[in-house]
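# What the coordinates show
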Amino acid sequence: LRSSVCLSAVVDQVLPVYGGEVVVTKVLGLPSYSGRDASVAMSLPATDEPGDAFHLYAADSIDMPAVLPSERSMKCTTTFGDLGIGRKGVSVPVHCPGSCGGTG
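Residues numbered from 1 in each chain as written. Predicted model: local features only at pLDDT ≥ 70, side-chain atom pairs only at ≥ 80, totals over all residues. Heavy atoms only, no water.

On a plain count of helices and strands, the protein chain comes out with 1 helix and 4 strands. Start at the N end of the protein chain and walk to the C end: the helices and strands fall as α-β-β-β-β. The 104 residues of the protein chain split such that 11% are buried. Of all intrachain contacts in the protein chain linking residues separated by at least 6 positions in sequence, the fraction that spans at least 24 positions is 51%. (Helix = DSSP H or I, 4+ residues; strand = E, 2+ residues; numbered from the N terminus. Buried < 20%, exposed > 50% of the residue type's maximum accessible area, 1.4 Å probe, protein only. Contact = heavy atoms within 4.5 Å.)

Moving on, we come to the side chain of serine 61. Looking at the secondary structure, you find serine 61 in strand 2 (residues 52–61). When its relative accessible area of 9% is taken as the criterion, serine 61 is described as buried. Excluding anything up to four places from it in sequence, serine 61 contacts Leu15, Pro16, Gly19 and Gly20.

In this structure, Ala9, Val14, Leu15, Leu56 and Ala58 together form the largest nonpolar core, which totals 5 residues. Beyond its immediate stretch of four places on either side in the chain, leucine 15 contacts Ala9, Val10, Gly20, Glu21, Val22, Ala58, Asp60 and Ser61. (Core = buried A, V, L, I, M, F, W, Y, C linked by side-chain atoms within 4.5 Å.)

Before going further, it helps to examine the state of the cysteines. Going through the model one piece at a time under the given rule, you end up with 1 disulfide. There is a disulfide in this structure between cysteine 76 and cysteine 100, and the S-S distance comes to 2.1 Å. One quick way to see it: the torsion about the S-S bond of cysteine 76 and cysteine 100 is about -90°, and its sign makes the bridge left-handed. A residue pair is termed long-range when its members are at least 10 positions apart, and cysteine 76 in the loop between strand 3 (72–73) and strand 4 (94–95) and cysteine 100 in the segment after strand 4 qualify at 24 residues. By relative accessible area, cysteine 100 is classed as partly exposed at 23%. (Disulfide = S-S within 2.5 Å.)

In this structure, glutamine 13 takes a positive phi of about 60° despite not being glycine. On the secondary structure map, glutamine 13 appears in the loop between helix 1 (5–11) and strand 1 (20–28).

Attention now goes to the environment of arginine 87. Tracing the backbone shows arginine 87 in the loop between strand 3 and strand 4. Given a relative accessible area of 52%, arginine 87 falls into the exposed group.

This part takes up the environment of proline 97. Structurally, the position occupied by proline 97 is in the segment after strand 4. Given a relative accessible area of 27%, proline 97 falls into the partly exposed group. Residues proline 97 and lysine 75, 22 residues apart in the sequence, show an inter-C-alpha distance of 6.9 Å.

Right, let's get into a nonpolar patch on the surface. Together, Val5, Val24 and Phe54 make up a nonpolar patch on the protein surface, roughly 250 Å² of accessible area in all. Tracing the backbone through its elements, the reader meets phenylalanine 54 in strand 2. Owing to a relative accessible area of 42%, phenylalanine 54 belongs among the partly exposed residues under this scheme. (Patch = residues over 30% accessible without salt bridge, like charges linked within 9 Å, V, L, I, M, F, W, Y side chains within 5 Å. Areas by Shrake-Rupley, 256 points an atom, 1.4 Å probe, with all protein chains shown as cover. Salt bridge = Lys/Arg side-chain N within 4 Å of Asp/Glu carboxyl O.)

Looking at the protein chain, the pLDDT average stands at 76 and 72% of residues meet or exceed 70. Considering each helix and strand of the protein chain separately, the mean pLDDT is smallest for strand 4, with a value of 82, and largest for helix 1, with 88. (pLDDT = per-residue confidence, 0-100.)

Laid out in structure tokens, this is it:
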């Protein structure tokens, strides 16, 4: 919860270094992990403590087209690989049908 939102968006290549707008979504994090010193950063152990995680989505930046691409209709079986997203930071608007709850 102490990480910078904007720096995270730039480091994760969701936004260019020039900035822009992001949509932040809070999601369930990992239930536990072991701390580690990686020579450039250190994390503290948090065993069996559920944490929070966040997803960042670009909403507007200099790298995005002036008009968003049209929404693509998905099937319940469409995979992330089927989307054909090449590079990090690219968002694709999709529409999922309401009948996917029991599919898996």
